[in-house]
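Coordinates in review
One-letter residues, chain by chain:
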Amino acid sequence: MLKAPLFTRKRIMVICTALFLLLILLLLRVGYVQLIQGNWLTKQAENLWQRDIAFSPPRGSILDRNMKPLVYNVSVPSVLAIPAQIKDPKETAKQLAPILVESEEKLYNLITSSKMMVWIKPQGKRISDEKAVAINKLNLPGIVVTDDSKRYYPHGHLAAHLLGFTGIDNQGLSGLELIYDKLLTGKPGFVSISSNAYGDKMKQGEDSFSPPRPGLDIVLSIDREIQTTVEHVLDQAVAEYQPDDALAIAVKPSTGEILALSSRPTFRPDRYKDVDQNICNRIPAVWKTFEPGSSFKVITLAAALNEKKVDLQDRFHDSGSVAVGGAKLRCWKAGGHGSQTYLEVVQNSCNPGFVNLGQKLGKEVLFDYLHKFGFGSKTGVDLSGESAGILFPMERIGPVELATTAFGQGISTTPIQQIMAISACVNGGKLMKPYIVKGWADHRTHKLVHLIEPEEKGQVITKETSRTVCDALEHVVAHGTGRQAFLNGYRVMGKTATAQIVGPNGKYMAGKHIVSFICMAPSDNPEITFYIAVNNPKGIQFGGVVAAPLAKRALSEILPYLGVKRRKIQVEALDTPMSTPVVTVPDLIGKTKSELQRDLSSGWQLITHGEGTIIQDQLPKPGEKTRKGNRIHIYTEN
């Protein structure tokens with residue numbers, strides 16, 4: 001028997017060894033795939049089989065400072081398509097079209113998408129229960145009616161500009177809904193089902209559920225009751241004076257918390273598409289700028305007192321005008337006020353007197369105080385669209401600019417700047433940063449998970465100066481231009497303003513003014529600062545005639561709500577030959593309308609609420625003090 005050559009045997013040995021090594025490598029690879037990568041590969045395969053149906057997370061609610069809801073979610077049905085499971089797209093689109101009031105072509109394009117899942121929107125989002133039942137009865141493969149949610153605003157247009165609104169996918173589009181969208185939006189949940197390439201459910205597959213994680217609730221500094229009162233007062237302003245627009249703010253002067261903020265015209269957040277977008281996308285209290293007028297005199301007064309340039313008992317003679325830099329600046333009163341103390345200068349809102357205070361301070365000192373009070377820069381309030389206002393640059397300030405600035409003309413400020421600066425004048429001298437969000441809370445438990453602390457920006461004037469300013473402003477309400485805001489038993493401070501409106505050509509518009517009133521109470525420990533501005537009211541345009549009575553209506557409800565007690569000691573109201581006497585409000589409860597018409601022929605203005613005949617309640621209450629002839633709101637049993 002012949003033996004194979006040695007060379008051939010070596011080649012066979014090498015080949016066998018190579019094959020053996022390949023077999024070993026193959027066994028190792030199979031072992032690695034089976035033992036090491038087995039679980040991972042199985043999961044990857046399962047992922048190819050899985051179909052995830054999304055569940056929207058509950059969007060966080062927006063609550064007031066007392067945890068009362070201002071915005072929350074309600075459950076609604078929406079339609080979802082799983083294209084791979086739809087057997088007959090044309091027939092499916094044909095059956096859905098009449099229910100959803102949508103074209104067959106658009107529905108066909110949606111449900112034949114290459115995506116795993118498709119929302120049928122907009123017509124299939126947040127549909128009625130009747131439509132949901134009708135679609136379920138069709139039993140269409142690949143069409144799912146699932147739970148969805150939408151924002152619900154239980155109080156209509158209450159705080160609409162603040163709250164803002166959401167879009168079709170519950171995404172924030174304006175206001176706090178937009179600013180804090182990431183916090184309000186939670187994490188979506190999913191139901192995962194196993195299906196084959198045709199979308200049919202696999203019997204051997206496993207289903208799973210990942211619950212959605214809700215967003216955080218936002219807790220505001222807003223007080224719903226105070227906000228409601230402020231909105232009612234603005235509605236009254238619109239009804240009585242038909243202004244171009246109006247706004248109001250209430251803050252807690254010691255902390256900077258915004259208790260209420262609103263403006264007119266307004267809108268319903270759930271119907272924002274029905275109004276001009278300039279109305280619903282702006283918050284006038286923080287973006288609108290205009291000349292502040294006489295309310296700005298409080299700042300000049302505080303600076304002059306703090307620098308000890310004047311004592312309120314010093315005297316000043318007002319001849320009716322003052323010549324400054326070749327210009328003649330007039331007092332609102334023809335002929336002037338004559339000889340008066342500086343306290344009376346404040347009470348009478350005398351322009352020449354404040355020009356004199358500005359001159360005593362000088363431009364460097366006055367404008368240094370303006371910057372310290374926050375004018376010319378943003379307050380930092382946590383709302384979008386804030387403006388900084390406009391001050392004269394130092395190099396452009398001459399004698400006339402200094403004089404007009406001292407009484408609030410020629411500069412531009414925002415309402416939020418004004419209310420925070422004047423709050424600093426009466427709260428002990430501290431300029432506080434305004435804020436609207438008080439903290440965040442867990443959506444399920446409503447327990448706070450984060451709390452915002454008040455932020456002090458600086459001590460602008462001393463406590464002693466602040467007390468003197470408070471005393472002067474209380475005299476303005478009792479004896480001066482703010483007499484229409486006098487509230488018997490409550491120590492109200494305030495300052496009126498009537499500011500001319502600058503037109504597009506840079507000149508003042510004839511017969512058009514923004515009238516405003518800013519007030520604080522009580523004067524010895526201010527709990528609230530309230531500011532209201534009415535743009536171009538029809539009829540008489542004076543802050544003391546239009547805005548002060550509106551502020552009084554607001555304070556008459558807000559102060560008792562805050563638990564502020566009536567005081568026997570206050571600066572008594574001063575009656576002058578030009579003023580209406582203060583009298584006691586009669587008791588009308590229990591009387592009939594016909595009796596009132598007979599008994600009150602002396603001039604009270606009766607505003608009736610309800611269609612009954614017997615009076616059940618009244619505002620002001622019996623025994624309160626008010627000006628003779630003022631309005632009395634009467635409420636009947638219906």
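A quick note: this is a predicted structure, and the numbers were derived from the prediction, not measured. (Residues numbered from 1 in each chain as written. Predicted model: local features only at pLDDT ≥ 70, side-chain atom pairs only at ≥ 80, totals over all residues. Heavy atoms only, no water.)

**Considering helix H17 (residues 415-426)**
- The first and last C-alpha atoms of H17 sit 17 Å apart over twelve residues, in line with the 16 Å expected at 1.5 Å per residue.
- Judged by how many residues are buried, H17 sits mostly within the fold: twelve of twelve residues are covered.
- Every buried residue belonging to H17 is among Pro415, Ile416, Gln417, Gln418, Ile419, Met420, Ala421, Ile422, Ser423, Ala424, Cys425 and Val426, and all of these are buried. (Helix = DSSP H or I, 4+ residues; strand = E, 2+ residues; numbered from the N terminus. Expected span 1.5 Å × (residues − 1). Buried < 20%, exposed > 50% of the residue type's maximum accessible area, 1.4 Å probe, protein only.)

**Some words on a nonpolar patch on the surface**
- A contiguous nonpolar patch, built from Ile15, Leu19, Phe20, Leu21, Leu22, Leu23, Ile24, Leu25, Leu26, Leu27, Leu28 and Val30 and spanning about 1200 Å² of accessible area, is present on the exposed surface.
- In this structure, Ile24 sits in helix H1 (residues 6-36).
- For Ile24, a relative accessible area of 33% corresponds to the partly exposed category. (Patch = residues over 30% accessible without salt bridge, like charges linked within 9 Å, V, L, I, M, F, W, Y side chains within 5 Å. Areas by Shrake-Rupley, 256 points an atom, 1.4 Å probe, with all protein chains shown as cover. Salt bridge = Lys/Arg side-chain N within 4 Å of Asp/Glu carboxyl O.)

**What to know about empty space enclosed by the protein**
- For the coordinates displayed, the defined rule picks out two cavities of 30 Å³ or more.
- The computed volume of the largest cavity comes to approximately 50 Å³.
- Lining the largest cavity are Phe373, Gly374, Thr379, Gln417, Met420, Leu431, Met432, Pro434 and Lys457.
- Elements supplying a minimum of two residues to the lining of the largest cavity: H17 and strand E15 (430-432).
- Partitioned by chemical class, the residues of the lining of the largest cavity number five nonpolar, three polar and one charged.
- The calculated volume of the second largest cavity comes to roughly 40 Å³.
- Lining of the second largest cavity is provided by Asp245, Ala246, Leu247, Lys288, Phe290, Ile514, Ala533, Val534 and Asn535.
- In terms of residue class, the lining of the second largest cavity is made up of six nonpolar, one polar and two charged. (1 Å grid on protein atoms, 1.4 Å probe; cavity = no way out; pocket = protein on both sides within 12 Å on 5 of 7 lines; lining within 4 Å. Points joined across faces, edges and corners; volume = space filled by probe spheres on them. Nonpolar A, V, L, I, M, F, W, Y, C, P; charged D, E, K, R; others polar.)

**Things to note about the environment of Pro243**
- The topology assignment puts Pro243 in the loop between helix H9 (224-241) and strand E9 (245-252).
- Along the sequence, Pro243 and Asn535 sit 292 residues apart, while their C-alpha atoms lie 5.6 Å from each other.
- With residues up to four places along the chain from it excluded, the contact list for Pro243 reads Ala237, Val238, Val534, Asn535, Asn536, Pro537 and Lys538. (Contact = heavy atoms within 4.5 Å.)

**Focus on the pattern of salt bridges**
- If you walk through the whole model with that rule in mind, you get 22 salt bridges.
- Measuring nitrogen to oxygen at the nearest pair gives 3.6 Å for the salt bridge that ties Glu225 to Lys68. Here the residue Glu225 occupies a position in helix H9, and Lys68 occupies one in the loop between strand E2 (62-63) and strand E3 (69-81), the gap between them amounting to 157 residues.
- Overall, the relative accessible area of 31% leaves Glu225 in the partly exposed class.

**Notes on the packing of aromatic side chains**
- Taken as a whole, this structure holds six aromatic pairs when the rule is applied.
- Directly above the ring of Trp119 sits Lys125, whose terminal nitrogen or CZ lies 4.4 Å from the centroid.
- In this arrangement the basic side chain of Lys372 is found over the ring face of Tyr369, its NZ or CZ atom lying 5.4 Å from the centre. (Phe/Tyr/Trp six-rings, centres within 6.5 Å; stacked < 30°, edge-to-face > 60°. Lys NZ or Arg CZ within 6 Å of the ring centre and 35° of its normal.)

**Here we look at the side chain of Thr92**
- Looking at where Thr92 falls in the secondary structure, it is placed in helix H3 (residues 89-100).
- Setting aside its immediate chain neighbours within four residues, Thr92 contacts Ile86, Ile111, Leu140 and Ile143.

**As for unusual backbone geometry**
- Cis rather than trans, the peptide bond between Lys121 and Pro122 has omega equal to 10°.
- Positionally, Pro122 belongs in the loop between strand E4 (118-119) and helix H5 (129-138).
- Positive phi, normally seen in glycine, also occurs at Ala159, with a value near 55°.
- With respect to the helices and strands, the residue Ala159 is situated in the loop between strand E5 (143-152) and helix H6 (160-163).
- With a phi angle near 65°, Asn170 is a residue other than glycine that sits in the positive phi range.
- Assignment of secondary structure puts Asn170 in the loop between H6 and helix H7 (175-179).
- Assessed through its relative accessible area of 9%, Asn170 is described here as buried.

**What about the sheet that holds strand E21 (residues 528-535)?**
- With antiparallel pairing, the five strands of this open sheet are ordered in space as E10-E9-E21-E20-E19. In this open sheet, the two strands that pair with only one neighbour each are strand E10 (257-264) and strand E19 (493-502). Sheet twist, expressed as the average angle between the axes of neighbouring strands with direction ignored, equals 10°.
- Set on the sheet, helix H19 (residues 547-561) makes contact with strand E20 (508-521) and E21; between it and E21 the angle comes to about 145°. (Pairing = 2+ DSSP bridges. Axes fitted to C-alpha atoms, helices over the stretch in contact; angles between N-to-C directions.)

Taken by themselves, the reported measurements are silent on function.
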